[in-house]
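# Architecture at a glance
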Amino acid sequence: MMKELLTLLENNARYQVKDLAALLNEDEQLVENTIRDLEENNIIAGYHTIINWDKADTEISKAIIFVNCVPEREAGYDKVAAKIAKYPEVDSLYLISGKAEFMLQVNGKSMREVSNFVAHKLAPTEGVTGTETMFILKEYKLNGRELVGEREDGERLLVTP
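Residues numbered from 1 in each chain as written. Predicted model: local features only at pLDDT ≥ 70, side-chain atom pairs only at ≥ 80, totals over all residues. Heavy atoms only, no water.

## Remarks on the pairing of strand E2 (residues 90–95)
- With five bridges connecting them, E2 and strand E3 (residues 102–108) associate as antiparallel partners. Looking at E3, one finds that Leu-95 is bridged to Phe-102.
- Where E2 hands over to E3, the hairpin turn is made up of six residues, of which Gly-98 adopts a positive phi near 125°. (Pairing = 2+ DSSP bridges. Helix = DSSP H or I, 4+ residues; strand = E, 2+ residues; numbered from the N terminus.)

What follows is the structure, given as structure tokens:
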């Protein structure tokens, strides 16, 4: 039941316990207790809303940043990651394989704000040896949800280089 419950909540965090219980053919109290246990054990680490910022009347600038660093003796990359994760500008942080050790998604009010974060906070962080910043110009799909697609009248959107 746990995997099915997690999948349902991942796709729609607004499900009510009674609806989840009905979908899973389980007792409501069991579902509620399972959710509480999953939250307490940080398996369910939060609930999020997918926002199409292009349609919202607000400015936001997002960037993907590759970070090179030197691992610390006996702590590996964990100590450097912990330092980077504390910055409120960092939305997501991943240890990756490839050309860099970390990949971050950073959010700011403007490109300048993101640039200042990289120059004045991220780059000087102990253990960081280099960064490469790529600004996100438009989001087409986020967390499995298409944000841009065919128009309601069936016409495809015009895409130009």
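## A closer look at unusual backbone geometry
- The residue Asn-42 is not glycine, and still its phi comes out positive at about 60°.
- One can find Asn-42 in the loop between helix H3 (28–40) and strand E1 (61–69).
- Overall, the relative accessible area of 54% leaves Asn-42 in the exposed class.
- At Asn-143, a residue that is not glycine, the phi angle is positive and equals roughly 50°.
- Position of Asn-143 among the secondary structure elements: in the loop between strand E5 (141–142) and strand E6 (145–146). (Buried < 20%, exposed > 50% of the residue type's maximum accessible area, 1.4 Å probe, protein only.)

## Considerations on helix H1 (residues 2–11)
- Among the residues of H1, Leu-5, Leu-8 and Leu-9 are the ones counted as buried. Within H1, the buried residues cover an arc of 95° as seen down the axis, which keeps them to one side. In H1, the exposed positions that point more than 90 degrees away from the buried face belong to Lys-3 and Glu-10.
- Here the buried face of H1 lies against helix H2 (17–24) and H3. (Arc of directions from axis to C-beta. Contact = heavy atoms within 4.5 Å.)

No statement about biological role is implied by the geometric values presented.
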